[in-house]
Amino acid sequence: MNKAFYIDTFSHKSAHEMFNSCLILMAANIFDTLEVRSCESSHENFVKLIKKVEPTNINYSKTRVVQGNGKFKLILRYIFGALQNIRYVIVCPKNYILIFPFNNLFSIRTINFINKFYKKKIIIFCHSELEGIIINNQNIGILHKILNKLSRNFFLNKNIEISDTLYFSVLGDVIKENISEIIDKKKALKFISIDHPYLFDETKPIVKNNDDKLKLATVGSINKSKG
């Protein structure tokens, strides 16, 4: 029987809700049993977003995530989430595949190290944190400076080998190709790519011929870190 643990110790409320919800549904279609661990607010948004009954092979249990959007709470969410991630790698049964929808850079090096002994099958989905490999902007905040340094120290460090059963996924072949040009070939082989999933509604575009305004849209929230 194929079994998996979906472990989200970072997202809360509507954060990454579309990607997270789609990933849960895809995993529910692939695995016979899916253990979902996320905070209550994330799970509530998942149920609302899918607009249908939750698949019967999903077993949900609440895990603690530091709530709030302030700088101090964000740092605490990273640190507490990192400790949670490490704990799950240790305690989850070996016959389960571990799915992390968010790459917490505060825990990745420890997870990689201990997994050389535990040999759990793990896949971690990467997002904008990979920009830290190439970004060296002195005008960003201290947290982003730390995250960029952690990203470079792991993915660009030639002394670090990724454990045999640990893999990363990026959202798009182009991103995978770009990453392969920056990191060494051995690490690049540990990356796979999928298209960014989305739950589409049947909608008809509204065309206004007399509207001279330029309208732009972006996937996800708009903030300074995205430029």
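Look up a bit, the structure's there.
Residues numbered from 1 in each chain as written. Predicted model: local features only at pLDDT ≥ 70, side-chain atom pairs only at ≥ 80, totals over all residues. Heavy atoms only, no water.

Undergrad: Pulling in residues and values, what's your account of unusual backbone geometry?
TA: Positive phi outside glycine occurs at K51, with the angle close to 55°. Positive phi outside glycine occurs at K119, with the angle close to 55°. Secondary-structure assignment places K119 in the loop between α4 (108–118) and β5 (121–125). The exposure class of K119 is partly exposed, given its relative accessible area of 44%. (Helix = DSSP H or I, 4+ residues; strand = E, 2+ residues; numbered from the N terminus. Buried < 20%, exposed > 50% of the residue type's maximum accessible area, 1.4 Å probe, protein only.)

Undergrad: For helix α5 (residues 142–155), give the residues involved together with the corresponding values.
TA: Because each turn of an α-helix spans 3.6 residues, side chains separated by three or four positions end up pointing in the same direction. In this model, α5 (14 residues) spans 20 Å end to end at C-alpha, consistent with the 20 Å of a helix rising 1.5 Å per residue. If you check which residues of α5 are buried, you get L143, L147, N148, S151, F154 and F155. The arc that holds every buried residue of α5, seen down its axis, measures 140°, which confines them to one face. Seen from the buried face of α5, the exposed residues on the opposite side, beyond 90 degrees, are I142 and K149. Turning to α5, the residues buried within the fold contact α3 (71–91), α4, β6 (166–171), α7 (185–188) and β7 (191–194). (Expected span 1.5 Å × (residues − 1). Arc of directions from axis to C-beta. Contact = heavy atoms within 4.5 Å.)

Undergrad: Can you explain the sheet that holds strand β1 (residues 3–7)? Please cite residues and give values.
TA: Paired through backbone hydrogen bonds, the strands of a sheet run either parallel or antiparallel to each other. In space, the seven strands of this open sheet follow the order β3-β2-β1-β4-β5-β6-β7, with parallel pairing throughout. The strands lining the two open edges of the sheet, one partner per strand, are β3 (58–62) and β7. Within the sheet, the average angular offset between the axes of one strand and its neighbour, ignoring direction, is 20°. Pairing between strand β2 (residues 33–38) and β3: five bridges, direction parallel. When the bridges of β3 are listed, V36 appears paired with Y60. (Pairing = 2+ DSSP bridges. Axes fitted to C-alpha atoms, helices over the stretch in contact; angles between N-to-C directions.)

Undergrad: I'd like a description of empty space enclosed by the protein, backed by residues and values.
TA: Applying the stated criterion across every chain yields a total of three cavities of 30 Å³ or more. Approximately 90 Å³ is the volume found for the largest cavity. Every residue lining the largest cavity is counted, 14 residues in all, and those nearest its centre are N20, I24, S42, H43 and F46. At the level of elements, α1 (17–30), β2 and α2 (40–50) are the ones that each hand at least two residues to the lining of the largest cavity. When its residues are assigned to classes, the lining of the largest cavity shows five nonpolar, six polar and three charged. (1 Å grid on protein atoms, 1.4 Å probe; cavity = no way out; pocket = protein on both sides within 12 Å on 5 of 7 lines; lining within 4 Å. Points joined across faces, edges and corners; volume = space filled by probe spheres on them. Nonpolar A, V, L, I, M, F, W, Y, C, P; charged D, E, K, R; others polar.)

Undergrad: Quick one: what's the story with the packing of aromatic side chains, residue by residue and with numbers?
TA: Taken as a whole and judged by the stated rule, the model has 13 aromatic pairs. Residues F10 and F102 carry aromatic rings whose centres are separated by 4.1 Å and whose planes lie at 5° to one another, so their mutual orientation is stacked. In this pair, F10 sits in the loop between β1 and α1 while F102 sits in the loop between β4 (96–100) and α4, placing the two residues 92 residues apart along the sequence. Assigned by exposure class, F10 and F102 land together as buried. (Phe/Tyr/Trp six-rings, centres within 6.5 Å; stacked < 30°, edge-to-face > 60°.)

Undergrad: Tell me what's going on with α3, and back it up with residues and numbers.
TA: Taking 1.5 Å of rise per residue, the 21 residues of α3 would be expected to cover 30 Å, and the 30 Å separating its terminal C-alpha atoms lies within 8% of that figure. The complete set of buried residues in α3 reads R77, Y78, G81, A82, Q84, N85, I86, Y88 and V89. Looking at the buried positions of α3, the neighbouring elements they touch are β1, β2, β4, α4, β5 and α5.

Undergrad: I'd like a description of the environment of R64, backed by residues and values.
TA: Within the secondary structure, R64 sits in the loop between β3 and α3. Judged by its relative accessible area of 68%, R64 is exposed. On a C-alpha basis, the gap between R64 and C39 in space is 5.7 Å, while along the polypeptide they are 25 residues apart. Not counting chain neighbours up to four residues away, the residues in contact with R64 comprise F80 and Q84.

Undergrad: Go over the pattern of salt bridges with me, naming the residues and quoting the values.
TA: Summed over the entire model, instances satisfying the criterion amount to four salt bridges. Taking the shortest distance from any N to any O, the salt bridge between R37 and E35 comes out at 3.1 Å. Relative accessible area serves as the criterion here: at 12%, E35 is assigned to the buried category. Taking the shortest distance from any N to any O, the salt bridge between K186 and E161 comes out at 3.7 Å. Note that K186 is positioned in helix α7 and E161 in the loop between α5 and β6, a separation of 25 residues in sequence. On the basis of relative accessible area, K186 is assigned to the exposed category, the value being 56%. (Salt bridge = Lys/Arg side-chain N within 4 Å of Asp/Glu carboxyl O.)

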